[in-house]
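# A look at the structure
Listed below, chain by chain, are the residues.
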Amino acid sequence: MIRSVLDDAGYDANLLVEDQRLFNTAALLVTKLFLSGVGSRSALAAKLACQLGKAGKHRQPYRSSLSRYAIQGLPLELQSRPRLQ
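So, here is what we can say about the structure in this document. This is a predicted model, so every value here is computed, not measured.

Rules used throughout
- Residues numbered from 1 in each chain as written.
- Predicted model: local features only at pLDDT ≥ 70, side-chain atom pairs only at ≥ 80, totals over all residues.
- Heavy atoms only, no water.
- Helix = DSSP H or I, 4+ residues; strand = E, 2+ residues; numbered from the N terminus.
- Buried < 20%, exposed > 50% of the residue type's maximum accessible area, 1.4 Å probe, protein only.
- Contact = heavy atoms within 4.5 Å.
- Areas by Shrake-Rupley, 256 points an atom, 1.4 Å probe, with all protein chains shown as cover.
- Salt bridge = Lys/Arg side-chain N within 4 Å of Asp/Glu carboxyl O.
- Axes fitted to C-alpha atoms, helices over the stretch in contact; angles between N-to-C directions.
- Parallel < 35°, antiparallel > 145°, perpendicular 65-115°, else oblique.
- Left-handed = near helix turned anticlockwise from the far one by under 90°.
- Nonpolar A, V, L, I, M, F, W, Y, C, P; charged D, E, K, R; others polar.

Attention shifts here to the overall build of the protein chain. When helices and strands are counted, the protein chain shows five helices and zero strands. Listed by position from the N terminus, the elements making up the protein chain come as α-α-α-α-α. Considering the protein chain as a whole, with its 85 residues, one finds that 21% of them fall into the buried category. Contacts spanning at least 24 positions in sequence make up 54% of the contacts within the protein chain whose residues lie at least 6 apart. As displayed, the protein chain has an accessible area near 7,000 Å², and 55% of this comes from carbon and sulfur atoms.

All told, the structure shown has one salt bridge when counted by the stated rule. Of the charged contacts, one joins Asp8 and Arg41 as a salt bridge, the two residues approaching to 2.5 Å between their closest N and O atoms. With Asp8 in helix H1 (residues 2-8) and Arg41 in helix H4 (residues 41-51), this pair connects stretches of sequence that are 33 residues apart.

Turning to its location among the elements, Asp7 is positioned in helix H1. Overall, Asp7 belongs to the partly exposed group, its relative accessible area being 36%. Sequence separation of Asp7 and Ala55 is 48 residues, and the distance between their C-alpha atoms is 9.6 Å.

This paragraph deals with the packing of helix H3 (residues 20-35) against H4. For the pair H3 and H4, interaxial distance at closest approach is 10 Å and the crossing angle is 135°. As summarised for this structure, H3 and H4 are arranged oblique, according to the angle between their axes. H4 is crossed by H3, and the crossing has right-handed handedness. The residues of H4 that touch H3, namely those facing Ala26, Leu29, Val30, Leu33 and Phe34, are Leu44, Lys47, Leu48 and Gln51. Considered class by class, the residues forming the contact of H3 with H4 number seven nonpolar, one polar and one charged.

Below you can see the structure in the form of structure tokens.
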């Protein structure tokens, strides 16, 4: 049942190859919900959709550019300019 809920939401073997962390997060969430007593497929699917949404190509993982700025410094347009007094 857990596998069918994950497959229906797009968390299948293809996603496991592409983004193992996202697949593992979804599998862990559904497993924990099942072990806590959520027994219906529709309830598991609803909670998965609420927490993580559907998996798909349109979904991009969040990546911050702040680590890049820590190494390279802020671009000129983001730097504050000193005030003249």
